[in-house]
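A closer look at the structure
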Amino acid sequence: MWWRVTIISLAYLLLGAHFLRFDQHILAIIAISLPLLMFIKHSFVYTLLKIGLLISVIFVWAVTTFNFIDMRIALEQPWLRLAIIMVSVMIFTVFAAFSTNGLNQKLRR
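As the structure is a prediction and not an experimental result, all values here were calculated from the model. Per-chain numbering applies: the sequence of each chain, read as written, is numbered from 1 onward. Selection of residues for local features in this predicted model requires a pLDDT of at least 70, selection of side-chain atom pairs for listing and counting requires 80 or more, and totals for whole chains, interfaces and linings are taken over all residues. Side-chain numbers here rest on the full set of heavy atoms in the structure, without hydrogens or water.

1. What about the overall build of the chain?
So the rule is basically this: Only DSSP runs of H or I reaching four residues or more are called helices, and only runs of E reaching two or more are called strands; each is numbered from the N terminus. For every residue, the accessible area obtained with a 1.4 Å probe (protein chains only) is divided by the maximum for its type, and the residue is called buried under 20%, exposed over 50%, and partly exposed between those limits. Two residues form a contact once any of their heavy atoms are found within 4.5 Å. For accessible areas, the Shrake-Rupley method is used with a probe of radius 1.4 Å. Any residue's cover is judged against the shown protein chains and nothing else.
If you tally the helices and strands in the chain, you get four helices and zero strands. Each helix and strand of the chain, ordered N terminal to C terminal, gives the series α-α-α-α. Seen through its C-alpha atoms, the chain measures out along the principal axes to roughly 55 × 25 × 20 Å. In the chain, buried positions account for 36% of the 109 residues. When contacts within the chain are restricted to residue pairs at least 6 apart in sequence, long-range pairs at least 24 apart make up 70% of them. A total accessible area of about 7,200 Å² is found for the chain, and carbon and sulfur atoms account for 72% of it.

2. Thoughts on the UniProt feature "transmembrane region" (unreviewed entry) in the chain
Quick reminder of the rule: UniProt positions are given in the numbering used here, feature names are shortened, and annotations may be inferred rather than shown by experiment.
In the UniProt entry, the feature "transmembrane region" (unreviewed entry) is given for residues 44-67 and 79-99. The annotated region residues 44-67 carries 100% helix and 0% strand content, and the separation between its end C-alpha atoms amounts to 33 Å.

3. Things to note about the nonpolar core
Burial of nonpolar side chains together is a common tendency in soluble globular proteins. Going by this rule: For the purposes of this section, nonpolar cores are sets of buried Ala, Val, Leu, Ile, Met, Phe, Trp, Tyr and Cys residues that join through side-chain atoms within 4.5 Å.
Of all hydrophobic cores here, the largest spans 25 residues; its most connected members are Tyr12, Leu15, Phe19, Leu49, Leu53 and Trp61. The greatest single-element share of this core, amounting to nine residues, is contributed by helix H3 (residues 43-74).

4. Considerations on the packing of helix H1 (residues 2-21) against helix H2 (residues 25-33)
Keep this limit in mind: Lines are fitted to the C-alpha atoms to define the axes, a helix being fitted only along its stretch in contact, and any angle between axes, read from their N-to-C directions, falls within 0 to 180 degrees. Angle categories are assigned with fixed cut-offs, so that under 35 degrees is roughly parallel, over 145 is roughly antiparallel, 65 to 115 is roughly perpendicular, and the rest are oblique. Here the term charged refers only to Asp, Glu, Lys and Arg, the term nonpolar to Ala, Val, Leu, Ile, Met, Phe, Trp, Tyr, Cys and Pro, and the term polar to all other amino acids, Gly among them.
Direction vectors running N to C along H1 and H2 enclose 175 degrees, while the axes themselves pass 8 Å from each other. On the basis of their axis angle, the class for H1 and H2 is roughly antiparallel. Note on element contacts: H2 touches H1 through His25, Leu27, Ala28, Ala31 and Ile32, opposite Tyr12, Leu13, Leu15, Gly16, Phe19 and Leu20. Of the residues in the contact of H1 with H2, the class split is nine nonpolar, two polar and no charged.

Right, dumping it as C-alpha coordinates:
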(Lines give C-alpha, C1' and ligand atoms only; values in the text may rest on other atoms or scores of the structure.)
Protein backbone atom coordinates (compact mmCIF):
# COMPACT_ATOMS: atom_id res chain seq x y z
CA MET A 1 0.00 0.00 0.00
CA TRP A 2 2.89 2.38 0.65
CA TRP A 3 3.86 2.38 -3.03
CA ARG A 4 0.35 3.50 -4.01
CA VAL A 5 0.56 6.45 -1.65
CA THR A 6 4.02 7.29 -3.00
CA ILE A 7 2.93 7.17 -6.64
CA ILE A 8 -0.17 9.30 -6.03
CA SER A 9 1.87 11.82 -4.04
CA LEU A 10 4.54 12.02 -6.75
CA ALA A 11 1.90 12.59 -9.42
CA TYR A 12 0.43 15.49 -7.47
CA LEU A 13 3.89 16.91 -6.69
CA LEU A 14 4.70 16.79 -10.40
CA LEU A 15 1.47 18.64 -11.13
CA GLY A 16 2.33 21.21 -8.47
CA ALA A 17 5.79 21.71 -9.97
CA HIS A 18 4.16 22.27 -13.35
CA PHE A 19 1.93 24.97 -11.88
CA LEU A 20 4.89 26.60 -10.12
CA ARG A 21 6.76 26.77 -13.43
CA PHE A 22 4.00 29.00 -14.77
CA ASP A 23 3.71 31.09 -11.55
CA GLN A 24 0.30 29.69 -10.60
CA HIS A 25 1.00 29.52 -6.89
CA ILE A 26 -2.56 28.89 -5.70
CA LEU A 27 -3.00 25.90 -8.01
CA ALA A 28 0.42 24.61 -6.98
CA ILE A 29 -0.49 24.75 -3.29
CA ILE A 30 -3.78 22.96 -3.99
CA ALA A 31 -2.06 20.25 -6.04
CA ILE A 32 0.66 19.72 -3.47
CA SER A 33 -1.79 19.53 -0.56
CA LEU A 34 -4.28 17.15 -2.19
CA PRO A 35 -2.33 13.98 -1.25
CA LEU A 36 -2.84 14.97 2.40
CA LEU A 37 -6.47 13.99 1.90
CA MET A 38 -5.34 10.35 1.96
CA PHE A 39 -5.23 10.63 5.75
CA ILE A 40 -9.04 10.76 5.63
CA LYS A 41 -10.24 7.16 5.41
CA HIS A 42 -13.27 7.60 3.16
CA SER A 43 -13.99 6.18 -0.28
CA PHE A 44 -15.11 9.60 -1.55
CA VAL A 45 -11.62 10.97 -0.95
CA TYR A 46 -10.03 8.32 -3.17
CA THR A 47 -12.60 8.96 -5.87
CA LEU A 48 -11.82 12.69 -5.65
CA LEU A 49 -8.09 12.02 -5.96
CA LYS A 50 -8.66 9.77 -8.98
CA ILE A 51 -10.87 12.29 -10.74
CA GLY A 52 -8.36 15.06 -10.00
CA LEU A 53 -5.54 13.08 -11.59
CA LEU A 54 -7.59 12.12 -14.66
CA ILE A 55 -8.71 15.72 -15.15
CA SER A 56 -5.09 16.86 -14.87
CA VAL A 57 -4.09 14.43 -17.64
CA ILE A 58 -6.71 15.83 -20.00
CA PHE A 59 -6.73 19.53 -19.16
CA VAL A 60 -3.15 20.12 -18.02
CA TRP A 61 -0.74 17.58 -19.46
CA ALA A 62 -2.42 17.04 -22.85
CA VAL A 63 -2.92 20.76 -23.47
CA THR A 64 0.64 21.53 -22.40
CA THR A 65 1.96 18.76 -24.64
CA PHE A 66 0.15 20.06 -27.69
CA ASN A 67 1.21 23.66 -26.97
CA PHE A 68 4.87 22.76 -26.47
CA ILE A 69 5.01 20.54 -29.55
CA ASP A 70 3.33 23.23 -31.63
CA MET A 71 5.85 25.78 -30.37
CA ARG A 72 8.78 23.47 -31.14
CA ILE A 73 7.50 22.77 -34.65
CA ALA A 74 6.97 26.50 -35.28
CA LEU A 75 10.55 27.20 -34.18
CA GLU A 76 11.82 24.30 -36.29
CA GLN A 77 13.32 22.54 -33.27
CA PRO A 78 13.23 18.81 -32.53
CA TRP A 79 10.05 17.80 -30.74
CA LEU A 80 10.02 14.00 -30.63
CA ARG A 81 11.89 13.71 -27.30
CA LEU A 82 9.52 16.26 -25.77
CA ALA A 83 6.55 14.22 -26.97
CA ILE A 84 7.98 11.02 -25.49
CA ILE A 85 8.60 12.69 -22.12
CA MET A 86 5.15 14.25 -21.97
CA VAL A 87 3.41 11.02 -22.96
CA SER A 88 5.39 9.28 -20.22
CA VAL A 89 4.17 11.87 -17.71
CA MET A 90 0.58 11.32 -18.85
CA ILE A 91 0.93 7.52 -18.57
CA PHE A 92 2.42 7.88 -15.08
CA THR A 93 -0.44 10.14 -14.00
CA VAL A 94 -3.06 7.72 -15.34
CA PHE A 95 -1.26 4.89 -13.53
CA ALA A 96 -1.35 6.97 -10.34
CA ALA A 97 -5.06 7.59 -10.82
CA PHE A 98 -5.78 3.90 -11.08
CA SER A 99 -3.55 3.21 -8.08
CA THR A 100 -6.26 4.78 -5.94
CA ASN A 101 -8.40 1.67 -6.56
CA GLY A 102 -6.16 -0.40 -4.30
CA LEU A 103 -6.48 2.13 -1.50
CA ASN A 104 -10.24 1.80 -1.73
CA GLN A 105 -10.04 -1.98 -1.42
CA LYS A 106 -7.76 -1.74 1.62
CA LEU A 107 -10.37 0.52 3.23
CA ARG A 108 -13.14 -2.11 2.87
CA ARG A 109 -11.25 -4.74 4.92
